[in-house]
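Close look at the chain arrangement
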Amino acid sequence: MSMPDAMPLPGVGEELKQAKEIEDAEKYSFMATVTKAPKKQIQFADDMQEFTKFPTKTGRRSLSRSISQSSTDSYSSAASYTDSSDDEVSPREKQQTNSKGSSNFCVKNIKQAEFGRREIEIAEQDMSALISLRKRAQGEKPLAGAKIVGCTHITAQTAVLIETLCALGAQCRWSACNIYSTQNEVAAALAEAGVAVFAWKGESEDDFWWCIDRCVNMDGWQANMILDDGGDLTHWVYKKYPNVFKKIRGIVEESVTGVHRLYQLSKAGKLCVPAMNVNDSVTKQKFDNLYCCRESILDGLKRTTDVMFGGKQVVVCGYGEVGKGCCAALKALGAIVYITEIDPICALQACMDGFRVVKLNEVIRQVDVVITCTEPRSTVLSSFQTSLRTPELTWERVRSQVDHVIWPDGKRVVLLAEGRLLNLSCSTVPTFVLSITATTQALALIELYNAPEGRYKQDVYLLPKKMDEYVASLHLPSFDAHLTELTDDQAKYLGLNKNGPFKPNYYRY
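If you check an unreviewed UniProt entry, the protein appears there as Adenosylhomocysteinase like 1 from Equus caballus. The UniProt entry for the protein carries the following comment under Sequence similarities (unreviewed entry): "Belongs to the adenosylhomocysteinase family."

The structure is reproduced here in structure tokens:
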């Protein structure tokens, strides 16, 4: 994986804003320390095995639509009970307290906590593996003493993760990694439960950085672990609070851009703590990116446009795991799907899956929908983010996250979520898939926090196959699935441990 030469430093300037937009499109492009002895509650075969280091190296019709789809590096959000435009008073200007008298939070409306609690309870029903992990490990409290500062999407699913970390002994302070994806009622429920959460849907850029800073900068409390989605939190701590950064025991990052930033720090010799690359784990790439987008793309499109896709011509930019999921869903509804690709391997996969691979300029005038599933600077999405905010163009709000962009001659496009993440801003994503990613994050935090001194250097590590297999095994009971067990002779012949790992690190699923 090649790394950019220049390291984007955090701040409120244009550079980080562009980096965050790139991360949004990469994730769901459519258009989530004191040395301690290792805990014994959660064991893997060969559990002393170190994590493997990962060396990285518009259209024929007057009404066209452009959207950006993403895997949830996260986590997604449908429209909250109250849209951000319903109340013009900034949460920063409100004086709110929860039922216990605490005001150590900043959310849209603490009175929505009861609604948020119901959503969290619904999410828990489809996150049985994470709940199982919570029950199995909370007696040992493997995160006792951990002070985790997090920056992720704040939804019912991430709330289950946050409350699991708290049940395992951690203290948590949380902000949102995206200004549109927060579920306000869920943030209120977390605040009511005592979590210091600073987030609401529709934050300004200044609000975004203020919320991160409030999580990090608190008298008498200093973070020793970071859980990040996009790298903004990590770089904010690195730049603004270097003394805190040096004392961080471990970083867990689940996004493409965040991982790139960590490798940039490592390459520059400035990464002074071990970091775990969750983004490139098998459970993240093969489940979150593929299956999540396969379902959430249609949810987001239909909620926002009410469009019928049978017979519509759609061009999908990118045929990675996100693109594959989107194309499968669209094809199933009878859409005519074109693919653009720069990678000959992905292009060949698209051809053999029955899609026509084209250049964007060959079909842009005839298609009804443009969907980007790749980094935005290489696609039509870049023009949306750079040239649509001009004086000669009129923006007309149709509904929440849906805009008409109108040219002087009357031509128009429907732009969803301002060209950002469609499924995070306009719909929901499958809770079960997010349970897989959340369980991986929780285990990575436990491993880094409890690792003996010297196991991990100041570098970026990839999760081992053994942990990926363990996470997958926790989710199989939901399907009443029964694994076949190797006999001793079979294991000897194959050169495998009967308990795994079952594939070498170079194996590509």
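The structure having been displayed, the exposition proceeds.
1. Describing the sheet that holds strand S4 (residues 196-198)
Across the sheet, which stays open at both edges, the 7 strands sit in the order S4-S3-S2-S5-S6-S7-S15 with parallel pairing between neighbours. Every interior strand has two partners, whereas the edge strands, S4 and strand S15 (460-462), have only one. Taken pair by pair, the neighbouring strands of this sheet meet at an average axis angle of 15 degrees, ignoring direction. Strand direction decides the pairing type here: strand S6 (residues 250-253) and strand S7 (residues 275-277), joined by 3 bridges, are parallel. When the bridges of S7 are listed, Ile 251 appears paired with Ala 275. Here helix H4 (residues 156-167) sits on the sheet in contact with strand S2 (147-152), strand S3 (171-176) and strand S5 (225-228), set at roughly 160 degrees to S3. On the sheet, helix H7 (residues 232-240) packs against S2, S5 and S6 and is oriented at approximately 140 degrees with respect to S5.

2. Here's the deal with the UniProt feature "binding site: substrate" (unreviewed entry) in the protein
As annotated in UniProt, the feature "binding site: substrate" (unreviewed entry) corresponds to Thr 155, Asp 229, Glu 254, Lys 284 and Asp 288 in the numbering used here. Tracing the sequence through the fold places Asp 229 in the loop between S5 and H7. A relative accessible area of 0% means that Asp 229 is categorised as buried. Counting through the fold element by element, Asp 288 comes out in helix H10 (residues 282-305). Under the relative-accessibility criterion, Asp 288 is labelled buried at 0%.

What counts and what doesn't
- Residues numbered from 1 in each chain as written.
- Predicted model: local features only at pLDDT ≥ 70, side-chain atom pairs only at ≥ 80, totals over all residues.
- Heavy atoms only, no water.
- UniProt positions renumbered as here; feature names shortened; annotations may be inferred.
- Pairing = 2+ DSSP bridges.
- Helix = DSSP H or I, 4+ residues; strand = E, 2+ residues; numbered from the N terminus.
- Axes fitted to C-alpha atoms, helices over the stretch in contact; angles between N-to-C directions.
- Contact = heavy atoms within 4.5 Å.
- Buried < 20%, exposed > 50% of the residue type's maximum accessible area, 1.4 Å probe, protein only.

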